[in-house]
Each structure stands twice: as C-alpha cells, then as structure tokens.
Amino acid sequence: MGVSGGQVAVLAIDAGNSKTDVALVGADGSVLGTARGGGFQPPLVGVEAAVDVLGAAVAEAAGAAGLDAPPYAEHVSACLANADLPVEEAELTTALERRGWAGTTEVRNDTFAILRAGVDEPRGVAVVCGAGINCVGMLPDGRTARFPAIGRISGDWGGGGGLAEEAMWFAARAEDGRGEPTELARALPAHFGLPTMYALIEALHLGLIPSGRRHEMTPVLFAVSAAGDAVARSLVHRLAEEVVAMSTVALARLGLLAEEAPVVLGGSVLAARHPVLDTRITELLATRAPKAELRVVSAPPVLGAALLGLDRVNADATAATRLRQRYAAA
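Here goes a summary of the coordinates provided. (Residues numbered from 1 in each chain as written. Predicted model: local features only at pLDDT ≥ 70, side-chain atom pairs only at ≥ 80, totals over all residues. Heavy atoms only, no water.)

Regarding the environment of Arg326
What counts here: Secondary structure elements are defined from DSSP: runs of H or I of at least 4 residues count as helices, runs of E of at least 2 residues count as strands, and each element is numbered from the N terminus. Working rule for contacts: check all heavy atoms of both residues, and any pair within 4.5 Å makes them a contact.
As for its placement among the helices and strands, Arg326 is situated in helix 13 (residues 317–329). Separated by 73 residues in the primary sequence, Arg326 and Arg253 have C-alpha atoms spaced 34 Å apart. Leaving out residues up to four positions away in the same chain, Arg326 has contacts with Val31 and Thr34.

Quick notes on the sheet that holds strand 9 (residues 261–266)
For the record, the criterion: Note on pairing: DSSP must find at least two bridges between two strands before they are called paired. Axes here refer to lines fitted to C-alpha atoms; in helices the fit is confined to the stretch in contact. Angles between the N-to-C directions go from 0 to 180 degrees.
Strand order across the open sheet formed by five strands is 8-7-6-9-10, with mixed pairing between neighbours. The open sheet has two free edges, formed respectively by strand 8 (144–146) and strand 10 (292–296), since each of these has just one partner strand. Strand-to-strand twist of the sheet, defined as the mean angle between neighbouring strand axes without regard to direction, takes the value 15 degrees. Direction of pairing for strand 6 (residues 124–129) relative to strand 9: parallel, over a ladder of four bridges. If you follow Val128 over to strand 9, its bridge partner there is Gly266. In the packing of helix 9 (residues 230–253) onto the sheet, contacts are made with strand 6, strand 7 (133–138), strand 8, strand 9 and strand 10, and the angle to strand 7 comes to roughly 25 degrees.

Brief notes about the environment of His274
Positionally, His274 belongs in the loop between helix 10 (268–271) and helix 11 (275–288). With 55 residues separating them along the chain, His274 and Pro219 place their C-alpha atoms 9.4 Å apart.

Some details on the pattern of salt bridges
Our working rule: Salt bridge criterion: a side-chain nitrogen from Lys or Arg within 4 Å of a carboxyl oxygen from Asp or Glu. The buried label goes to any residue with under 20% of its type's maximum accessible area, the exposed label to any with over 50%, and the partly exposed label to all in between, with areas taken from a 1.4 Å probe on protein chains only.
For the structure shown, the criterion picks out 18 salt bridges. The shortest N-O distance in the salt bridge between Glu48 and Arg98 comes to 2.5 Å. One end of the pair, Glu48, is in helix 2 (residues 47–64); the other, Arg98, is in the loop between helix 3 (86–97) and strand 5 (102–109), with 50 residues separating them in the sequence. With its nearest N and O atoms 2.9 Å apart, the salt bridge here joins Glu216 to Arg213. Of the residues examined, Arg213 reaches a relative accessible area of 33% and is grouped as partly exposed.

Notes on unusual backbone geometry
Cis peptide bonds are those with omega within 30 degrees of zero, and the linkage from Pro70 to Pro71 qualifies with 5 degrees. As for its position among the elements, Pro71 is in the loop between helix 2 and strand 4 (73–80). Non-glycine residue Ala149 carries a positive phi angle of around 55 degrees. Its identity is not glycine, yet Asn314 carries a phi of approximately 60 degrees, on the positive side. The topology assignment puts Asn314 in the loop between helix 12 (301–312) and helix 13.

Laid out in structure tokens, this is it:
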C-alpha cells in the first residue's frame, strides 16, 4: 500500500551539474522514496528544461513512495547548482512552485545542502571545492552569509577547474623558459601520454583531448605537490589560503569568529583529504579562527536538503536523528 501525500513532510532535492538526487521524507525522518536523475544546468538548457530534469527524478521518487499525483509533500527543499544569486533562487522557486509538488517551496544554492549535512543544527560555515569553489554560512534564526561564487568576476580563485588552469600556466612557462622550473611541465603531458607541454597545449587547443578531461590535471597537481615540487606546493597553499579566507569572512559576518563553530569542508577536492592541503588549512584556521571546529563532510548532500526541509516544517529532533542514521547506513 502506498502512502498519501499528507504523510510526506519533505520533498528534498539536491541537484548538481552532473546529477540530481531526490528523497521523499516523512515527518518522522523516514525515507519513503528516492531517485537519481541527470544534471541541473539552467544556463545551458533554460530554466524550464532544467526543471523538467528535476521533474523526472521527482516522479520516480514519488512512484517509489506509492504516490501517483502531486502534491507529493508538505514542503519542497531544493538545493540547486547554478542558484548562485538570490535573484536566481527566486526565479527557480517560482519555476518549482508552478509544478505543484508541495504546499511550500524553498530554493537554496547547493552549498547549503553540504553545510546542513555536516552540522547538527543550522549553524556554521561550509566551504565547497569541486569544479569551482563556494562558501556559505547560516544561523538558526535564518541569517546567512554567502558569496556570489560565479568565477573570477566575483573574486573567486580555486576549484578543480581553476587549479588545472593554473597548473597548465606554470607548466607552459616552465617548458618555454618564461617561468621557473616545475615537475608539472613533465607530469601533466605524461598523464595524457604526451611528451611535452607544447604537445598538450596543441591537443587541448585542437580538441584532440576533450575539454571535459581537464579536471584530470588537478590530482596530478596534488601528486606533484606531495612529492615536494615548489611551484605545485605554492598552488596548493594558495588554495588553503582561499578556503580559510572565505570561511573566516563568513564566520565574521555571522558573529561566529570568536565562538566555537563548525567549518565544514566538502566537494571532491577537499573531500579527497590531500595531506598538504589539509595541514595548511588546519594551520591557517588555528591562527585566524582558533575556536572553529574543522570537519569534512562525507554524507550525501541530499541529506542536507532534507534536514533543511525538516527544519522548515518544525520536525522534532528524533526525525533528524532517524534521517541521519538512514544515510549513515546506506
């Protein structure tokens, strides 16, 4: 026997550029249905087409929960990539509300999901470093701290894509004599089976190596750094500086800089636990925010989206505990 829409408290959506996770969660924290769908990319396909991708995953999760028609839940908690500015969150909220999936809808940037997944209450700061870099903070009273996080035009540096570009820049200059020597000039082309940086530059420029493979250079950078290369290590240290700069500014904006507060690290680059990067972040944070509690989140972000939803519908603490146990056992 299926459940009724009234028994479902939260429709949780975590949507990144490459995949979407959906969960229907009861008021007691039980997970009633889940699904995974494609990536959410409104800048490429338009808002309605991007929401259609979410809709396919929502329908699949609803079917798993025994629901055949919306509204599926009391509240939609959607944490979405490419919702970088409040105006974009508002546009996407309107688009999701038109689908009629729940009585109320809240859209946030997907970094908030990682933050909430890593804290016991909606209080703290998260820095996410995957393809790009972003930081958000929040307090139980609803106040937040955030950055535009839309690339170099908003002052960003870092992320897997940025690190790969920087590594290429230094390696190219090392090979042709404009810059200082670095092992990156050998290791980057070798990763692609090529003899020189010139050959790698040519292959990337002509499309012989797909642009989607550029992210493979980031692990090479970390490996060369770990082996002691000064140029590679300087880039890793700069990333640590960026992580700590963003987190301490967010802590200060929320009045948490001098208090005990969690700083959550997430995303593929930070979750990989590179020793040189981890050590430098820990050193810098100990100096600039000595009471901050550093932690790395490994739980899936859809958990954070669901917890934000449970916060919104005023579910009791046992619901959050049951939900965390469900994802810890997965």
